[in-house]
Amino acid sequence: MDLNQKIKELAQNKGADFYGVADLYYGRNFIKEQGGEEIASYPIAISLGIRIMDSIVDQLSDREERSVAVNYRHHGYEIINQRLDLLSSQISSYIQSKSYSALPIPASERYDDERICAVISHKLAANLAGHGWIGKSCMLITPESGPRVRWTTILTNAPLPATGTSVPQNCGECSECVDICPVSAFTGVTFKEDEPREVRYDARKCEKYLLKEAEWGVCGLCVYICPYGRNKKIK
Ligand code: SF4
Ligand code: SF4
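Residues numbered from 1 in each chain as written. Chains lettered and ligands numbered in written order. Predicted model: local features only at pLDDT ≥ 70, side-chain atom pairs only at ≥ 80, totals over all residues.

Caption draft 1: Quick peek at the site of ligand 2. Lining the immediate environment of ligand 2, one finds 13 residues, of which Gly135, Cys171, Cys174, Cys177 and Cys226 sit closest. Along the lines of polarity and charge, the residues of the shell around ligand 2 split into eight nonpolar, three polar and two charged. (Near = placed C-beta within 6 Å. Nonpolar A, V, L, I, M, F, W, Y, C, P; charged D, E, K, R; others polar.)

Caption draft 2: Local environment of the site of ligand 1. The environment of ligand 1 is formed by Cys181, Pro182, Val183, Ala185, Cys206, Tyr209, Cys219, Gly220, Leu221 and Cys222. Going through the elements one at a time, α8 (203-213) and α9 (221-225) are the ones with two or more residues in the shell around ligand 1. When its residues are assigned to classes, the shell around ligand 1 shows nine nonpolar, one polar and no charged. (Helix = DSSP H or I, 4+ residues; strand = E, 2+ residues; numbered from the N terminus.)

Caption draft 3: Examining the environment of Ser108 more closely. Locating Ser108 in the fold gives a position in the loop between β3 (102-105) and α6 (122-128). Taking the C-alpha atoms as reference, Ser108 lies 9.5 Å from Leu84; in sequence the two are 24 residues apart.

Caption draft 4: Here's a closer look at the sheet that holds strand β6 (residues 149-156). Read across the sheet, four strands follow the order β1-β2-β6-β3 without closing on themselves; strand pairing throughout is antiparallel. Since the sheet does not close on itself, it has two edges, and those belong to β1 (18-23) and β3, each with one partner. Within this sheet the neighbouring strands show an average axis-to-axis angle of 25 degrees, counted without direction. Summarising the sheet, strand β2 (residues 44-51) and β6 pair through eight bridges and their orientation is antiparallel. Following the sheet pairing, Ile44 is matched in β6 by Thr156. Seen against the sheet, helix α5 (residues 66-97) touches β2, β3 and β6 and runs at an angle of roughly 20 degrees to β6. (Pairing = 2+ DSSP bridges. Axes fitted to C-alpha atoms, helices over the stretch in contact; angles between N-to-C directions. Contact = placed C-beta atoms within 7 Å.)

Now the structure itself:
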């Protein structure tokens, strides 16, 4: 079995719902700007995703109820991120045992408090691996699960073939995430590679809301409402 097939099998056996490989050549400038020279020196990213349970996301319209909020934070966020970190650690060790370099990136750790972002965008890696597009909510939207997926990334120099290329945005006329956000964090502007995130999304508005206003510190309405993953028809 070749290396790519073996890693894919390992990922799936250990609970990944999404496995993809991105050629980072096309995102290099952005990656360097966000994470620096060393991070940008890796040619390949493995993008892994786990789908959040629908039973948890579908309850988010009642997120003022403590049980709903606690369950979303625990099983919809913390536990899935732990599973992703465990997955990327195990796969990275395997890649290293085959004499290649592999750098697992934490699923949810923030690296830049000023810009509220990680050392590399998991969404960018997922987009370049062909998993989905960056929606008006600034989340990665997959055709089958919408934004109901958490992601992690492993940077590597292992010679793995890319599973896809950048997926163009497919939100169409929909603006449900823009309309439902209680603090108008999204501008509704469609993603463009050469425009900074601030054109589309004010992360500080969301963070402030979660820290100071949201009941139990939980929102997730932009995840809940997206028609992709809710099996609603898109116009
Ligand atoms: S989590 Fe809530 S507050 Fe934050 S961007 Fe989404 S809808 Fe807006
Ligand atoms: S809710 Fe609509 S506009 Fe927002 S990301 Fe989903 S499809 Fe795109």
